[in-house]
Amino acid sequence: MSRIDALIEDMTLAEKLGQLTMTAAGHTVTGPVIAGDSVDAIQAGTVGNLLNLIGADHVHAMQRLAVERSRLHIPVLFALDVTHGHRTLFPVSLAEASLFDPQAWALTAREAAREAAADGIAMTFAPMLDVARDPRWGRSVEGPGESPWVGARMAEAKVRGIQGDALGAADSLAAVAKHYCAYGAVTAGREYASVDLSERTLREVHLPPFEAAVRAGVAAIMPAFTALGGIPMTAHQGLIAGWLRKRLGFEGVVVSDYNAIAELIEHGVAADAAEAAALALRAGVDIDMMAGCYRNGLPVALSRGLVSLAEIDRAVHRVLTLKERLGLFDDPYRRGSSPESVATLARRRQIAREVAARAIVMLTNGARALPLGAAARTLALIGPLADASAEMRGPWWAAAGPEGHVTVLEGLRAALPGSEIRHAPGVAIEGGERGGIAPAVELCEGADAVILCLGEAAVMSGEAASRAHLDLPGEQRALAEAVLQRAHARGTPSIGVLFSGRPLVVPWLAERADALLAAWFLGSEAGHAVADVLTGRISPSGRTAVSWPRATGQIPIFHGERPTGRPADPANHYTSKYLDVPNEPLFPFGHGLTYGSFTLSALSVSPQTLRPGGVLAVRVEVANEGDRAAEETVFLFIHAQPASVSRPTLELKGVAKVRLQPGERGAVGFELPAEGLGCLGADLEPVLEPGEVEILVGPCAERRRLLRASIRVAQ
Ligand code: NOJ
């Protein structure tokens, strides 16, 4: 008999339910405490999983209670939201998505996992894989952006990085892919609201990243808080027991979101904790995070015949198997027993700086205000985000305190020691106080360039952070307008640096600043990274993974829309368009400028006729006609028409990068299996239909900038 089967045979019902329970640690002045529970519960074996305990000493002390004092000596699983770093923070996911580089995504996940494991953590609630096309939703910041293709690549890379080569290694964590599924499609972008979408959109857009995570071997999955088509995901038999476990063969753990099982009552599908617990368990949820419904409700559900002991045992088996795979039974103290070296931490900081610089998207540089020239000896650095260490973290900062994250002021001072850098915040991020505007404007007098650091506070995106107005909060626009007016009057170059967890709706700023950078939230090395790009030490290479709207009324906005029977035509009133704003986003998916100047040419595709099992080769030449070395990003889209279903006008199928010196020519190539050109047919099953497929290659999702060729798919 296996160790796990033997344990289960020996366990009382209370001990079993303990393994299906996760509670949280809180912190008081005297140290960590288990909120709403007691240390006794760990010793009694009635709590088997704990979240939010920080620090290897605390984790080990708590672990000793379970391993040494509980009857069956089953180790506790310690989990934390390590989303974009643990103590060293990397850019938030939406910023990282701008790299379009799975190797970098895996690298930062690996480093974050190592750092968290060194703190005793064994599981992280990451990666977040929700495709998000509505920037009002604050959680857009945590995920891959608007493309399911990017979401799937990010899923693979992050799972690989978090889990490493072996789950049992001392520096590996169990990954939890979340939030399954379609959370990004909440009604009107409002947090926790219900979701209603077509089965086709679910399968084409929201499921692929989770499928990719499962194929990559993700250890666990978290259902979303939300209801999908009337069924709360925490109780969704069709999607958990059905799609996930049966269809994809997922054998790992499903862990509920925070209190989500109890919220089934609020959703209106359960009358009490026992019913809620039964619904979740029967759907396939193994761990109850923070609701207490499994511990308190399942015994009642058992007595009412709503669940069986066999169903409880199956869930316990999955949880214990995960603990075993993590090596917790063999050595529960393996994580957190050797502190990381100073050299490791320094190397990690270096990685954070490089990735942060690559995550910056240069949205405009019309007047070539960037990079700052050697003549820029006096800089006016204005705005509430210019010297804001804590904000650089973005939402979800795990164990990272508010201090020690390099600000733009610090970064610029370090990069330009011989320059005078004047600084004034001007206004606060939020609030109506305008008194600091006039002095900030005065600071610009005589400056060689003005840099405006504007945007959102870190907590204005992330969980429970939906916004209906996506312009700059507070009085920042008034500040920016006053500063830009003075800069224009004096002929001083002006640069905007936007910090935000979403694309902001700032067409006025894009028009009036000479250059504009999207800096998202870049993490611990933010200021160095921004300085690297401003000074030209690094040519920006980030490309936005979300469309930037011109107006909030364009939302949802994304590059993969389906055609309409009446495409927009300014000469025809009865076509698909707004009366007051163009259809196109201000900046399309994939947009981002560099300090080089690239042209694409000589697109070639072969074979001209592609059959099932074949591979399509696509190649395009790239030339850097600018005077600085830079990296170009090339996107491969397809459009298949006619087909048996109306397919999106652009479907992303590949991304390639090439770095070229001034005047240098190069090429990028893609290989696409024929099946990758297929779609879900009218019956929602994959099909490769014969017919013509357009191949479109270019620097972003703006159709008129794409080179085109076409091929035929034949049977
Ligand atoms: C709620 C969030 O929705 C989820 O993403 C997170 O992992 C849990 N809380 C735990 O902090």
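Please refer to the structure placed before this passage.
Procedures and definitions
Residues numbered from 1 in each chain as written. Predicted model: local features only at pLDDT ≥ 70, side-chain atom pairs only at ≥ 80, totals over all residues. Heavy atoms only, no water. Salt bridge = Lys/Arg side-chain N within 4 Å of Asp/Glu carboxyl O. Helix = DSSP H or I, 4+ residues; strand = E, 2+ residues; numbered from the N terminus. Buried < 20%, exposed > 50% of the residue type's maximum accessible area, 1.4 Å probe, protein only. Contact = heavy atoms within 4.5 Å. 1 Å grid on protein atoms, 1.4 Å probe; cavity = no way out; pocket = protein on both sides within 12 Å on 5 of 7 lines; lining within 4 Å. Points joined across faces, edges and corners; volume = space filled by probe spheres on them. Nonpolar A, V, L, I, M, F, W, Y, C, P; charged D, E, K, R; others polar.

Draft legend 1. Representation of the pattern of salt bridges in the model. Across all of its chains, the model carries 48 salt bridges by this definition. Here Arg71 ties to Glu15 by a salt bridge, and the two come within 2.7 Å at their closest N and O atoms. Placement of Arg71 in the loop between helix H4 (56–69) and strand S4 (77–80) and of Glu15 in helix H2 (residues 13–19) is noted, with a sequence separation of 56 residues between them. In this structure Arg71 comes out as partly exposed when scored by relative accessible area, which is 46%. Of the charged contacts in the structure, one is a salt bridge between Arg647 and Glu651, with a shortest N-O distance of 3.0 Å. Residue classification places Arg647 among the buried positions, given a relative accessible area of 6%.

Draft legend 2. Quick look at the environment of Leu320. Its place among the elements puts Leu320 in helix H14 (residues 309–325). Among the residues examined, Leu320 registers a relative accessible area of 0% and is labelled buried. Between the C-alpha atom of Leu320 and that of Glu584, which follows or precedes it by 264 residues, the distance is 51 Å. Once you skip the residues sitting within four places of it in the chain, Leu320 turns out to touch Ile4, Leu7, Ile8, Met11, Gln19, Ile74 and Phe329.

Draft legend 3. Representation of empty space enclosed by the protein in the model. Using the criterion set out here, one finds six cavities of 30 Å³ or more in the structure. Residue lining of the largest cavity: 21 residues in total, with Val82, Thr83, His84, Ala126 and Lys158 positioned closest to the centre. With four residues, helix H6 (residues 102–117) is the single largest residue contributor to the lining of the largest cavity. Grouping the amino acids of the lining of the largest cavity by side-chain chemistry returns 12 nonpolar, six polar and three charged.

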